[in-house]
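Examination of the molecular architecture
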Amino acid sequence: MKHHEVIVIGAGVAGIYQIKRLADLGIDATVLEAGGDLGGTWQWNRYPGARFDSESYTYGYSFSRELLDEWHWKERFSGQPENLRYLNHVADKFGLRQYMQFNCRVEAAHYDEAQNLWHLRTGDGRALTCRFLILTLGLLSIPTLPRLEGMASFKGQSFHTFDWPHEPVEMAGKRVAVIGTGATGIQVIGEIADKVGDLTVFQRRPNWSAPLNNGPISDAEMADIRRRYDEIFATCARTPGGFEHEPDRRGFYEVTREERLALWDKLYDERGFGIWLRNFREIFTDEKANAEFSEYIAGRIRRRIKDPKVAEKLIPRDHGFGVQRVPMETNYFEAFNRPNVRLVDISETPLVRVTETGLRTTERDYEFDIIVYATGFDAITGSFDRIDIRGLGGRKLKDKWAHGPQTFLGVQVEGFPNMFMLMGPHTALGNIPRSIEYNVEWIRDLLGYMDERGLSVADARREAVDEWTGFVKKKGEGLLSNEVDSWMTGVNKNVAGRHKRTFMAYAGGAPKYRQKCDEVVAQGYDGFTLA
């Protein structure tokens, strides 16, 4: 049985940085990755249109000045191939592959109290032990398929976007179905509409979306970005979401409607999340303000789509703009102006089953060569549920979280000693790598603190978990985002038991999250039992 002091599960953005910092300390550590190579999100999601919604230069790691100076981001919002090249470059530059094991899916992790060790079992039958277990599993790493009869009977190609084939998919002249119009579906549809023979989009409910307005980064622009990196990362550190975009500090009702419209026109034509995050703060909390802004976006959508009936079907009625993470699009709405693209509203004519030749709704049969399932993920806690994680007394994590996650700082769960989580429930989300770097270093420092004092056990205290979980709920109160069904509120109608809203993420903003974590450190890691 192979032993390591630390085992990290997952070789995505978080796992790569976590092993970097552990290696820096000379700790015996390894990364176990289910996939065939590193990259996480950018290794798996190879579908057409997959790219950042964060500005590329704010997404990359900030820990190495040399790395910042040598990497040239080619686009404002970099696509999957370049993102994967970047992560491989980082791993190779710092010699991190030697610590990674691929095609190594962890099926079980059980804590042995007598030995103070975690016992892991992998899908290929291997057994490993470690003192500390760090889970870098990814927020969106468990794809969910619709629960439709006959899926195995389809004679053409079919796959979830997460499992898009590594080899090229020939789409020219093909009849293609895309099921789902969430963030992934919006990217796929905009990218392939002009490359396929016929495209049929099956939509259950529309999502708000706004233009990404991507573009190349010239050599001169990249040189300027390199000069400003300290300023860029300082801005990211002070904004709630970890992006470059700071909210408009004027009150929504302090300015005239004409001034609001002028701001919105400006933001709509700018790049990235500005339309969402440079906006008035009231759009997140005030229903009247959000409704006015949502109607503005609806008007912009109507202007871009020729058929008024199609336009109305693509405008959400069950939630306002920005109460969910906003999908950013390129030519998405224009795709529906093409003669080879049609929209099927499955809220009116539901999907019944998959047939050998395509899809059947309550209205008719459709024939396809390719079916693309853009049907989302069992988000945030789904990746934890897929591993049989057991803590003190054999208690299953899945059972402990049956009514919603309970954590301390989103880092630990009481009764699961020496198990740490990165970007799981109850942490600050947004521009994920900015939060990853902070949390990796926070866990590294805790391990260093314990090593200096001869401590070998860290477990969150019950009262600390209750206090933090209650605080997370309190910070989410009053936000319109917690009044809608979405993956951010734990709802996925394709997953059994995921029909009830719960508080999945810390909504108080990254700066305040870091402040709370820093206070815990200043008080000698108050909230943990260290022994």
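A brief look at the structure comes next. These numbers were taken from a predicted model, which means no experiment stands behind them. (Residues numbered from 1 in each chain as written. Predicted model: local features only at pLDDT ≥ 70, side-chain atom pairs only at ≥ 80, totals over all residues. Heavy atoms only, no water.)

**Topic: the packing of helix 9 (residues 257-268) against helix 11 (residues 287-304)**
Where helix 9 contacts helix 11, the axes come no closer than 11 Å and their chain directions differ by 50°. It follows that helix 9 is oblique to helix 11 by the angle criterion. As for the relative orientation of helix 9 and helix 11, their crossing is right-handed in sense. The segment helix 9 lies against helix 11, with Arg 257, Arg 260, Leu 261, Trp 264, Asp 265 and Tyr 268 engaging Glu 292, Phe 293, Tyr 296, Ile 297, Arg 300 and Arg 304. Across the contact of helix 9 with helix 11, the residue classes break down as six nonpolar, no polar and six charged. (Axes fitted to C-alpha atoms, helices over the stretch in contact; angles between N-to-C directions. Helix = DSSP H or I, 4+ residues; strand = E, 2+ residues; numbered from the N terminus. Parallel < 35°, antiparallel > 145°, perpendicular 65-115°, else oblique. Left-handed = near helix turned anticlockwise from the far one by under 90°. Contact = heavy atoms within 4.5 Å. Nonpolar A, V, L, I, M, F, W, Y, C, P; charged D, E, K, R; others polar.)

**As for the pattern of salt bridges**
Where charged atoms from two side chains of opposite charge approach closely, those side chains can pair. By the definition in use, this model includes 46 salt bridges. We note a salt bridge from Arg 238 to Glu 246, for which the minimum N-O separation is 3.1 Å. For Arg 238, a relative accessible area of 49% translates into the label partly exposed. Across the pair Arg 386 and Asp 378 runs a salt bridge whose closest N-O atoms are separated by 3.0 Å. Relative accessible area serves as the criterion here: at 43%, Arg 386 is assigned to the partly exposed category. The exposure class assigned to Asp 378 is buried, which follows from its relative accessible area of 3%. Among the ionic contacts, a cluster of salt bridges with common partners joins Lys 20, Arg 21, Asp 24 and Glu 441. (Salt bridge = Lys/Arg side-chain N within 4 Å of Asp/Glu carboxyl O. Buried < 20%, exposed > 50% of the residue type's maximum accessible area, 1.4 Å probe, protein only.)

**Points about the sheet that holds strand 13 (residues 351-354)**
If you walk across this open sheet you meet the three strands as 13-14-15, and the pairing is antiparallel. Across the chains shown, the open sheet's two edge strands, defined by having one partner strand only, are strand 13 and strand 15 (365-367). When strand polarity is set aside, the average angle formed by the axes of neighbouring strands in this sheet is 20°. In terms of strand pairing, strand 13 meets strand 14 (residues 358-361) through three bridges, oriented antiparallel. Pairing of Arg 353 across the sheet is with Arg 360, part of strand 14. (Pairing = 2+ DSSP bridges.)

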